[in-house]
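One-letter residues, chain by chain:
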Amino acid sequence: MSRLGKYVDDPDPLQMRRSMGRLLSGVSVVTAVDRAGDRHGMTISALGSISLAPPIVMIALNFDTRTGVALQETGRFAVSILGEKQEAIARRFAVPGGERFEGGEFEEAPCGIPVVAEALVQFECEVHGRDVVGDHEVSFGRVVAARFREGGRLIYIGAGTA
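Residues numbered from 1 in each chain as written. Predicted model: local features only at pLDDT ≥ 70, side-chain atom pairs only at ≥ 80, totals over all residues. Heavy atoms only, no water.

### Regarding the nonpolar core
Argument step 1. Ranked by size, the top nonpolar core spans 16 residues in total, and within it V30, I59, L61, F77 and F123 carry the most contacts.
Argument step 2. Looking at this core, the elements that each hand over two or more residues are strand 2 (28–33), strand 3 (39–44), strand 5 (55–62), helix 2 (66–74), strand 6 (76–81) and strand 9 (121–133).
Argument step 3. Filtering out sequence-adjacent residues up to four positions away, F123 remains in contact with V57, F77, A78, V79, I81, V143, A145, A146 and F148.
Argument step 4. Counting 11 residues, the second largest nonpolar core, distinct from the first, contains I89, A90, F93 and F106. (Core = buried A, V, L, I, M, F, W, Y, C linked by side-chain atoms within 4.5 Å. Buried < 20%, exposed > 50% of the residue type's maximum accessible area, 1.4 Å probe, protein only. Helix = DSSP H or I, 4+ residues; strand = E, 2+ residues; numbered from the N terminus. Contact = heavy atoms within 4.5 Å.)

Written out as C-alpha cells, the structure reads:
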C-alpha cells in the first residue's frame, strides 16, 4: 500500500490537475449560439447539479472561450452528457479550432442550440447567474427543457476517458 506524500503549501496548477484527475467525472459538451448565429462548443468535466427545484446546473469554463462569450451574449446554453460510445465527439470538442459540428451527430434543442444527438442527457438552459472563480467563469443555468435516455456513461479520469 502506498503512503500519502507530505502536504504541499499552495499547490501549483500541475499539482492541482494531477490531484483532481483522480476524481471520476462525467464528460459533457456545452454548446451555445452567439448573436451572429455562429455555433460554439467545448468539452467539459466541470458540471454539477446545484438545485433540483428549480432545476439548476453549474458549468465552469476558462476565461475568454468562444463558447463562454456566446452564452454571455445570449444568456442561453445547452449541455449534452455523453455516452460511452461518444469519446470521439468529446475529443473533437476538447481541442481548439476545427469544424466541430460536422458529421451529422447533432440536432437542435427547442431553443435552436445544437446538442449531441444520442447523448444520454440533453439540457437546454437559461443563465441564472454567473461568477468569476479563480481562472474560470462559473455559470449557473436553469434547466428549461431536458431529454434523457438509458445507456453507459463516458467517464473522465486523469488524462483520459474510460
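On we go.
### Comments concerning the side chain of S28
Argument step 1. Along the chain, S28 falls in strand 2.
Argument step 2. The class for S28 is buried, based on a relative accessible area of 2%.
Argument step 3. If sequence neighbours within four positions are ignored, S28 has contacts with M42, T43, I44, L47, V79, S80, I81 and L82.

### Quick word on the sheet that holds strand 2
Argument step 1. As summarised here, the arrangement of the seven strands in space is 3-2-6-9-10-5-4, forming an open sheet in which the pairing is antiparallel. Each having just a single partner strand, strand 3 and strand 4 (47–52) make up the two edges of the open sheet. Adjacent strand axes in the sheet meet at a mean angle of 30°, parallel and antiparallel pairs treated alike.
Argument step 2. Bridging between strand 9 and strand 10 (residues 136–148) involves 12 bridges; their strand directions are antiparallel. Paired with E126 across the strands is R142, a residue of strand 10.
Argument step 3. Contacts from helix 2 reach strand 2, strand 3, strand 5, strand 6, strand 9 and strand 10, with the element oriented near 50° to strand 2.
Argument step 4. Strands strand 2 and strand 3 of the sheet are contacted by helix 3 (residues 87–94), whose axis makes an angle of about 110° with strand 3. (Pairing = 2+ DSSP bridges. Axes fitted to C-alpha atoms, helices over the stretch in contact; angles between N-to-C directions.)

### Some points on the side chain of S139
Argument step 1. With respect to the helices and strands, S139 occurs in strand 10.
Argument step 2. For S139, a relative accessible area of 1% gives the class buried.
Argument step 3. The residues touching S139, leaving out its near neighbours within four places in the chain, are V57, M58, I59, L71, G129 and R130.

### Regarding the confidence of the model for the chain
Argument step 1. Scored by pLDDT, the chain comes out at a mean of 89, with 96% of its residues at no less than 70.
Argument step 2. Summarising per-element confidence for the chain, the mean pLDDT is lowest in strand 12 (residues 160–161) (56) and highest in strand 6 (97). (pLDDT = per-residue confidence, 0-100.)

### Quick word on the layout of surface pockets
Argument step 1. Counted as a void, the largest pocket has a volume near 1500 Å³.
Argument step 2. Among the secondary structure elements, those contributing two or more residues to the lining of the largest pocket are helix 1 (13–20), strand 3, strand 5, helix 2, helix 3 and strand 12.
Argument step 3. When residues of the lining of the largest pocket are assigned to their parent elements, the largest contribution, six residues, is made by strand 3.
Argument step 4. Looking at side-chain class alone, the lining of the largest pocket contains 18 nonpolar, 15 polar and seven charged residues.
Argument step 5. If you trace the second largest pocket, you find it lined by L4, G5, K6, Y7, V8, P11, Q15, R18, S19 and R22. (1 Å grid on protein atoms, 1.4 Å probe; cavity = no way out; pocket = protein on both sides within 12 Å on 5 of 7 lines; lining within 4 Å. Points joined across faces, edges and corners; volume = space filled by probe spheres on them. Nonpolar A, V, L, I, M, F, W, Y, C, P; charged D, E, K, R; others polar.)

### Some words on the pairing of strand 3
Every other side chain in a regular strand lies on the same face of the sheet, so the side chains alternate between the two faces.
Argument step 1. A large share of strand 3 lies buried, amounting to five of its six residues.
Argument step 2. As paired strands, strand 2 and strand 3 are joined by six bridges and run antiparallel to one another. The residue bridging A32 from the neighbouring strand is H40, located in strand 3.
Argument step 3. The turn linking strand 2 back onto strand 3 is made up of five residues, and G37 within it adopts a positive phi angle of 90°.

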